[in-house]
Structure formats: structure tokens, C-alpha cells
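Chain by chain, the residues:
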Amino acid sequence: MPDTTRSADPSPPADWGVVGHEWAIHHLQKSLLHGRARHAYLFAGPSSIGKTTLARAFAARLNCLHEDEAARPCGECRACQKIASGNHPDIALVEAEEVGGTLKIEQVRELMHRLSLRPYEGRYRVGILRRFHEARPQAADALLKTLEEPPPYVVLLLTAENVNLLPKTILSRCQPLRLRPVPVSQVAAALESRWGAEPERAELLAQLSGGRMGWAVRALTDPDALTFRDVALDDLEHILAENRVGRFERAQTLANPKRKAELRETLVLWQSFWRDVILVLSESRVSPVNRDRRALLNRLARELPLEEATAALQATRACLDDVGTNVNNRLAVEVMLLAYPGLRR
Ligand SMILES: [Zn+2]
């Protein structure tokens, strides 16, 4: 497949419709220069940072019908529109079911069968496997065969919150792209220009998002997201004043298997909060993400030694990793809460 992006008079690069992650887009564009995509890519990074959005945009880049390759994805053709609405017959997305929370072998097998068929209307069959760190080991094995001998028209796009949680056999066969938080100013500008947010609100949500574009959009469009955040941070404050028994009870509520997504989001928020405590404690010039909780941040920074705040951050990270795998969630949350410092009421 010739690529016109290398012609003498190149067109300006297409807009992928993704906020931030320019280097990753550039990298993906470049990986197509030799005429075809690699077999498998891994988009890694914190939840709601834009991994799946980027994967979908790349799928559109691969299957867009615009005749000028440099203009792909055009965002307007039949293929681009079908991909945006999740209806393209050659793009399949699988992820762990919310209840139970693991990606199962049957889901991967079914996907592999679908991918083995020639593309129906696009150039590529694209399989997007979300949060692949949640795959059961057998499900990862089922993917391996396709990763080792993929049909030339198949591209696999995996996402994961933490690369270290994936089996090495999978990791070694994927091209990893580690996504970083999007600059707050860029999140704010996008909320204003693309989602029509008022400047002040865009500024606040961008700040609270910590560079997670997906969270910022959710907080703008769904009032529950902000309420959820408030409750989660209030909960954290209460937990710090609880004794062991109280913390065990909290762990049971938090680890409810039917609310795994909520647990994950709570842990992400607490992680950003402990990072803020450390910033304030170490008198960093970087401003905290959770600036609306300044009073509590200051109190913790005053009362806690740095080691305790660091231990709390590490315990939260470890719990987040455990929740992504097949570990007993309740046990993981208990271990974390017992590692948290205590506050006088
Ligand atoms: Zn298109």
C-alpha cells in the first residue's frame, strides 16, 4: 500500500479527533509508512486517559475510505462514521464483564474466530481488547496463537492500565505505547471548544481530571461523576479516622464484586489524593490536583511524616494493580486500608 504522506508536497496531517497524545499519533502514523500496520499494539496508561479513544481513532485510520491516505481518518466517510458509532463490521471490541470482572477465554476465542475471516468491508479486521490486564491466563493464551501467526489483515489493539500486569509472552509481541496525562490546559481548551463548556467550568474540571480527558468529559456531561468524586474523597477522610474494625467493614463495602468499576475509580481518585499529600508535604511547586480539598491536604501534610504518606500511596497503587488481576479484591482492599495512617477525629 503506497503512502502519500511521504510525497514532496505533503498534506497537513489528518485530525484524529483525539485530545493530546500527539507523540503516540505520530508514532502510529510513522508505523504505517512502510505500507502496513504492525500486528499488535498496546495502549497503556491510567483509566480514562484516552486509550480506547486512541485505539478507535487508529482503527479509523486503518479503515477510512478517504482516497488521500494522508487525510485518513477523515471522520466523515461511511467507515469513519460506523467506527465512531461502534457499528463497523470489521472492528470488534471486547472487555471484561462488569460482574466478575475478568475477560474470559470464550470472549477471546469468539473474537479470534471473527478476526480470522477476511475483512467484510474494510482493509483490516481490528480487534480492540480493553483492559487486557484483567484477562484470565487462559484468555491470554488464547490470544497468543493469533499474536504469533496473525493473518496479514488483522491488527490487535490492547489496552491496559499497567504494562507490568501483562504476561511477558503477550507483551513481547505488542508494540507498547505508554500514554501520559494530557496537559491540564489542553483538557480545558478541548472542553471549551469541543464540548461547549463555560471557561470557568472547563478550567475546574480539567484541573480535577489530573489530565484524564475521559474523566473530564464524563464530569462535564454527567453530574454523578462529580458527586461520586466528592463521596469517594469524603469516604477517604472518614476511613482515616476509623479503627481496624471500622476499616474491615469499609473494605467489605468497597470490594462488592458488583461494583468493581466504582472501586477502580475510587482507587484512582485516592491515588491522586495521596500524590497531592506528598506534593504539599514536600513543598513542591506543582499544584495539587484536588485543590478543592486544600484544608484536608494541609492537615495531612502537617500531621503525617513523608514515609506514611508514601506508604499510603504505594498501598493504593498496589491495590489498584490487584483489582486489575484476579486477586481477592476484599483482601486487597483490607491490606491497603490497614496500611493507611490514622487521623485523630
Ligand atoms: Zn474516513
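Refer to the structure printed above.
Numbering of residues begins from 1 in every chain and follows the order in which that chain's sequence is written. Where local features are concerned, this predicted model is filtered to residues with pLDDT of at least 70; where side-chain atom pairs are given and counted, the filter is 80 or more; whole-chain, interface and lining totals use all residues. In computing side-chain values, all of the structure's heavy atoms are included and hydrogens and water are not.

We count a stretch as a helix when DSSP gives it H or I for four or more residues in a row; a strand needs E for two or more, and each element gets its number in order from the N terminus. Broken down by element type, the chain carries 15 helices and 5 strands. C-alpha atoms define the radius of gyration, and 2.2 Å times the number of residues to the power 0.38 defines the globule rule. Over its C-alpha atoms the chain spans a radius of gyration of 22 Å, differing by no more than 12% from the 20 Å that the globule rule assigns to 345 residues. Based on the C-alpha atoms only, the size of the chain along its principal axes is roughly 65 × 45 × 30 Å. The buried share of the chain, taken over its 345 residues, is 50%. Of the contacts made within the chain by residues no fewer than 6 positions apart, 72% connect residues no fewer than 24 positions apart. Here the chain displays about 16900 Å² of accessible surface, and carbon together with sulfur accounts for 52% of that area. The centroid of the 47 positive side-chain charges in the chain is displaced by 4 Å from the centroid of its 43 negative side-chain charges. Buried residues are those whose accessible area, probed at 1.4 Å on protein chains only, stays under 20% of the maximum for their type, while exposed residues exceed 50% and partly exposed ones sit between those limits. Contacts are residue-level and defined by heavy atoms, with any inter-residue pair within 4.5 Å sufficient. Only the protein chains shown count as cover for residues, and the accessible areas themselves come from Shrake-Rupley with a 1.4 Å probe. The charged-residue count follows a simple rule in which Lys and Arg add positive charge and Asp and Glu add negative charge, with His and chain termini not counted at all. All charge positions are set by atom: Lys at NZ, Arg at CZ, Asp at CG, Glu at CD.

Backbone torsion omega between Arg72 and Pro73 reads 0°, so that peptide bond is classified as cis. You can see Pro73 is positioned in the loop between helix 2 (51-63) and helix 3 (78-84). Backbone geometry places His21, a non-glycine residue, at a positive phi of 55°. By relative accessible area, which is 6% here, His21 ends up buried. We note that Ser48 has phi near 65°; this positive angle belongs to a residue other than glycine. Within the secondary structure, Ser48 is located in the loop between strand 1 (40-44) and helix 2.

Moving on: the coordination of the zinc ion. A donor here means an N, O or S atom no more than 2.8 Å from the metal, or no more than 3.2 Å when the metal is Na, K or Ca. Since water is not included, a site may seem to lack partners. For the zinc ion, the protein coordination sphere consists of Cys64 (SG), Cys74 (SG), Cys77 (SG) and Cys80 (SG), at 2.3 to 2.4 Å. Angles of 105 to 119° at the metal separate the 4 donor atoms of the zinc ion, which places the site in the tetrahedral class. Read N to C, the donor residues that coordinate the zinc ion are spaced as C-x9-C-x2-C-x2-C. Under this scheme a four-donor centre is tetrahedral when all angles range from 85 to 135 degrees, a four-donor centre is square planar and a six-donor centre octahedral when opposite donors are above 155 degrees with the rest from 65 to 115, and any other centre is irregular.

This paragraph deals with the sheet that holds strand 3 (residues 125-129). In space, the 5 strands of this open sheet follow the order 2-3-4-1-5, with parallel pairing throughout. Of all strands in the sheet, those with a lone pairing partner are strand 2 (91-94) and strand 5 (175-178), marking the two edges. Averaged over all pairs of adjacent strands, the angle between strand axes in this sheet comes to 15°, irrespective of strand direction. DSSP bridges decide pairing: two strands pair if at least two such bridges lie between them. In this structure, strand 2 lies alongside strand 3, joined through 4 bridges in parallel fashion. From the neighbouring strand, Ile91 faces strand 3, where its bridge partner is Val126. Axes, fitted as lines to C-alpha atoms, cover a helix only where it is in contact. Angles between the N-to-C directions of the axes lie from 0 to 180 degrees. In this fold helix 2 packs onto strand 1, strand 2, strand 3 and strand 4 (154-160), with an angle of close to 170° to the strand it touches most, strand 4.

Of the residues making up helix 9 (residues 213-221), those classed as buried are Met213, Trp215, Ala216, Val217 and Ala219. Of the surrounding elements, those touching the buried residues of helix 9 are helix 7 (184-195), helix 8 (199-209), helix 10 (223-240) and helix 12 (260-281).

Viewed as axis vectors pointing N to C, helix 12 and helix 13 (residues 294-303) meet at an angle of 60°, and their least axial separation amounts to 9 Å. The angle between helix 12 and helix 13 falls in the class oblique. Helix 12 and helix 13 meet at a crossing whose hand is right-handed. Together, Phe273, Trp274, Asp276, Val277, Val280 and Leu281 of helix 12 and Arg294, Leu296, Leu297, Asn298, Leu300 and Ala301 of helix 13 make up the contact between the two elements. When residue character is reported, Ala, Val, Leu, Ile, Met, Phe, Trp, Tyr, Cys and Pro are called nonpolar, Asp, Glu, Lys and Arg charged, and the others, Gly included, polar. When its residues are assigned to classes, the contact of helix 12 with helix 13 shows 9 nonpolar, 1 polar and 2 charged. When an angle is under 35 degrees it counts as roughly parallel; over 145 it counts as roughly antiparallel; between 65 and 115 it counts as roughly perpendicular; any other value is oblique. For any helix crossing, the convention is left-handed if the near helix is rotated counterclockwise from the far helix by under a right angle, and right-handed if that rotation is clockwise.

Attention now goes to the environment of Arg180. Structurally, Arg180 is set in the loop between strand 5 and helix 7. Since its relative accessible area comes to 61%, Arg180 is described here as exposed. Between the alpha carbons of Arg180 and Arg302 there is a distance of 30 Å; along the sequence they are 122 residues apart. Among residues more than four places away in sequence, those in contact with Arg180 are His21 and Ile49.

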